[in-house]
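# Coordinate inspection notes
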Amino acid sequence: MQLNELVIAIDGPAGAGKSTVAKQLAQTLGIRYLDTGAMYRGLALAAQRAGLGPQDGERAAEILHNLELDFGPGTPPRLMLNGEDVSGLIRTLEIGDLASSLSTFPQVRQEMVRRQQAMVAKGGCILEGRDVTTVVAPNAHVKVYLTASLEERARRRAIELGQEMEYLEVRQQIEHRDHRDINRSESPLTVAPGAAVIDSANLPIDQVVERILELCRKVTA
Ligand code: DC
């Protein structure tokens, strides 16, 4: 097996560094990058535009059935919602929170998982999210649970969001979102059997990437 044929799955809480790590790995290995959270965010944006709220998961699932959610070219790939590039619009705390609420509904998850598994079936890719090591790709060649303390994750996210929000508010929102993602009844965020747990708090991104590359080399050796 070649490195570019691997399926690499990374789960972890908000702000753990999953997308930064996934982007670098995708570039280094020349494989596709599947940001499953972006798909949930795309649905949240469509739901918000339709006037839906966090309790409207069943209606959101209906919307999802007629929604095109594709990744455009580029690294990181753009998220296209019915052909519209919404990559910038989905990166807010509000949309992240709505995505988290809607993702607790089994009807939403089933359809997302179906689409994501079809993408994984095409071969070599890196995917990241909250259920990719447990449900979407439990047989991935490399499985990682990437985490860091709440304080560190909130600090990073606050920098990412710029002046838009105070650190304490970001921390509170992330804590709330983690709680929902970890405690939902439908495929909660958890460490999958066989997943390597990596704490990114005191590890530069390059070293996180290097550790995952080592796991990849072991699989292909
Ligand atoms: O990774 P993110 O912050 O873009 O994800 C937004 C929300 O989407 C997250 O809080 C929960 C949901 N999600 C999920 O339930 N399963 C995934 N595989 C990815 C994201």
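To start, this report covers the structure provided alongside it. Counting from 1, residues in each chain are numbered in the order their sequence is written. Residues qualify for local features only when their pLDDT is at least 70, as the model is predicted, and side-chain atom pairs are given and counted only at 80 or more; totals for whole chains, interfaces and linings, by contrast, use all residues. Processing note: side-chain calculations cover all non-hydrogen atoms of the structure and skip hydrogens and water entirely.

## Focus on the overall build of the protein chain
By definition, any uninterrupted DSSP run of H or I lasting at least four residues is a helix, any uninterrupted run of E lasting at least two residues is a strand, and each is numbered from the N terminus. The helix and strand tally for the protein chain stands at nine helices and eight strands. In this description the radius of gyration comes from C-alpha coordinates, and the expected globular size is given by 2.2 Å times residues to the power 0.38. Over its C-alpha trace the protein chain gives a radius of gyration of 16 Å, about what one expects of a compact globule, namely 17 Å for 221 residues. Here the C-alpha coordinates of the protein chain stretch approximately 50 × 40 × 35 Å along the principal axes. Each residue gets one of three labels from its accessible area relative to the maximum for its type: buried under 20%, exposed over 50%, partly exposed in between, using a 1.4 Å probe on protein chains only. Put simply, the protein chain has 221 residues, and 50% of those count as buried. For the protein chain, contacts bridging at least 24 residues in sequence account for 76% of all contacts bridging at least 6. When charges are counted, Lys and Arg contribute as positive and Asp and Glu as negative, whereas His and the chain ends are disregarded. Every charge is mapped onto a representative atom, which is NZ of Lys, CZ of Arg, CG of Asp or CD of Glu. If the 25 positive side-chain charges of the protein chain are averaged to one point and the 29 negative ones to another, these points end up 3 Å apart. A contact between two residues is defined here by any heavy atoms of the two lying within 4.5 Å.

## Brief notes about helix 1 (residues 18-29)
Given a helix with a known number of residues, its expected span is that number minus one, times 1.5 Å. Here helix 1 contains 12 residues, and its C-alpha end-to-end distance of 16 Å stays within 8% of the 16 Å for a straight helix at 1.5 Å per residue. Here helix 1 has its buried residues at K18, V21, A22, L25, A26 and L29. The arc enclosing the buried residues of helix 1, seen along the axis, measures out at 135°, which places them on a common side. Those residues of helix 1 that are exposed and aimed more than 90 degrees away from the buried face are Q27 and T28. Note that the arc is computed from the directions linking the helix axis to the C-beta atoms.

## As for the side chain of S200
Tracing the sequence through the fold places S200 in the loop between strand 8 (196-199) and helix 9 (205-220). Under the relative-accessibility criterion, S200 is labelled buried at 1%. Those residues in contact with S200 that sit more than four places away from it in its chain are A16, L146, T147, A148, R156 and V208.

## Digging into the nonpolar core
L69, M112 and L127 are the most contacted members of the largest nonpolar core, which totals 37 residues. Those elements that place two or more of their residues in this core are strand 1 (7-11), helix 2 (36-49), helix 3 (57-65), strand 4 (79-81), helix 4 (93-102), helix 5 (106-120), strand 6 (125-129) and helix 6 (132-136). Considering each element in turn, this core owes the most residues, eight residues, to helix 2. Ignoring any residue separated from it by four or fewer positions in sequence, one finds L127 in contact with V7, I8, A9, I10, L34, V120, V132, V136 and A137. Remark: nonpolar core denotes a set of buried residues (Ala, Val, Leu, Ile, Met, Phe, Trp, Tyr, Cys) joined through side-chain atoms within 4.5 Å. One finds L25, I31, I126 and L213 within the second-largest nonpolar core, a separate group that totals 22 residues.

## A word on the sheet that holds strand 4
Strands qualify as paired when DSSP identifies two bridges or more between them. The three strands are arranged 3-4-5 in an open sheet whose pairing can be described as antiparallel. Bordering the open sheet on either side are strand 3 (69-71) and strand 5 (84-85), each of which pairs with just one other strand. By the bridge criterion, three bridges tie strand 3 to strand 4 in an arrangement that is antiparallel. Across the sheet, the residue bridging to L69 is L81, located in strand 4.

## Here we look at the state of the cysteines
Any two cysteine sulfur atoms within 2.5 Å of one another count as a disulfide. Inspection of every chain in the model, using the stated rule, returns zero disulfides. In this structure C125 is a free cysteine whose sulfur lies 12 Å from that of C216, the closest cysteine sulfur available. The buried category is assigned to C216, whose relative accessible area is 0%.

## Let's talk about the environment of G194
Examined against the element boundaries, G194 turns out to sit in the loop between helix 8 (167-183) and strand 8. On the basis of relative accessible area, G194 is assigned to the exposed category, the value being 72%.

## Quick look at helix 5
Residues that lie three or four places apart on an α-helix share one face, since the helix turns once every 3.6 residues. Compared with the 21 Å implied by 1.5 Å per residue over 15 residues, the 20 Å span of helix 5 between its first and last C-alpha is a close match. Within helix 5, burial applies to V108, R109, E111, M112, V113, R115, Q116, M119 and V120.

## Quick look at the environment of L67
Looking at the secondary structure, you find L67 in the loop between helix 3 and strand 3. Classification of L67 by relative accessible area gives buried; the value is 9%. Each C-alpha atom, one on L67 and one on N82, is 6.3 Å from the other, the two residues being 15 residues apart in sequence.

## A word on unusual backbone geometry
Trans peptide bonds make up the majority, and among non-glycine residues the majority have a negative phi. One non-glycine residue, N82, adopts positive backbone phi at about 45°. With respect to the helices and strands, the residue N82 is situated in the loop between strand 4 and strand 5. Unusually for a residue other than glycine, S187 sits at a positive phi of about 35°. Mapped onto the fold, S187 is located in the loop between helix 8 and strand 8. Judged by its relative accessible area of 17%, S187 falls in the buried class.

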